[in-house]
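Close look at the chain arrangement
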Amino acid sequence: QVQLVESGGGLVQPGGSLRLSCAASGSIFRINTMGWYRQAPGKQRDLVASITTGGVTNYVDSVKGRFTIARDDAKNTVYLQMNSLKPEDTAVYYCNLLQWLTNYWGQGTQVTVSA
C-alpha cells in the first residue's frame, strides 16, 4: 500500500506564492510518476503537473511559467512551487503517484487565491 500526505495549502492573495509538498510512504517502487491534480467546485479533476523518476516534467498550459514541480527521491516527496497565483487557480489540489498502472491519491489540500 501507498500513503500520500499533502501539506502547504492555504489562502493567498492574487500574485502571491505557495509551495505544496506531498510525502509518499509504503511500497514505493523505483520507477514511478508523481504529480499534482486540482479540482474546482463543479469541475472535474485535472492534471496540473507531473514528474517522472527520470525528471521529465509535464505542465498544463495554464500554469507554464508560473508553477514548478520537483521531487526528492531520497525523501519520496514531490513539491509544487506556485508563483503568480491567480483566482482561477483556486481548487483542491491532490497529490498523485502512478506506479505499475495503479494510481494513488492524497486527501487533498485547499488552495484559495482571493483578495
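Every value quoted in this text rests on a predicted model; they were computed, and no experiment measured them.

**Let's talk about the pairing of strand β8 (residues 77–82)**
Judged by how many residues are buried, β8 sits mostly within the fold: five of six residues are covered. Where strand β3 (residues 18–26) and β8 come together, six bridges link them in antiparallel fashion. Paired with Cys22 across the strands is Val78, a residue of β8. Here strand β7 (residues 67–72) pairs with β8 via six bridges, running antiparallel. The residue of β8 that forms the bridge with Phe67 is Met82. Counted along the chain from β7 to the antiparallel partner β8, the turn is four residues long, and its residue Asn76 has a positive phi close to 50°.

**Remarks on the side chain of Arg71**
By secondary structure assignment, the location of Arg71 is in strand β7. A polar contact is formed between the side chain of Arg71 and the backbone oxygen of Ile51, at a distance of 3.1 Å. Excluding residues within four positions of it along the chain, Arg71 makes contact with Asn32, Thr33, Met34, Ile51, Thr52, Thr53, Thr77 and Val78.

Conventions adopted
- Residues numbered from 1 in each chain as written.
- Predicted model: local features only at pLDDT ≥ 70, side-chain atom pairs only at ≥ 80, totals over all residues.
- Heavy atoms only, no water.
- Buried < 20%, exposed > 50% of the residue type's maximum accessible area, 1.4 Å probe, protein only.
- Helix = DSSP H or I, 4+ residues; strand = E, 2+ residues; numbered from the N terminus.
- Pairing = 2+ DSSP bridges.
- Polar contact = N/O pair within 3.5 Å; in protein donor to acceptor, adjacent residues only side chain to side chain.
- Contact = heavy atoms within 4.5 Å.

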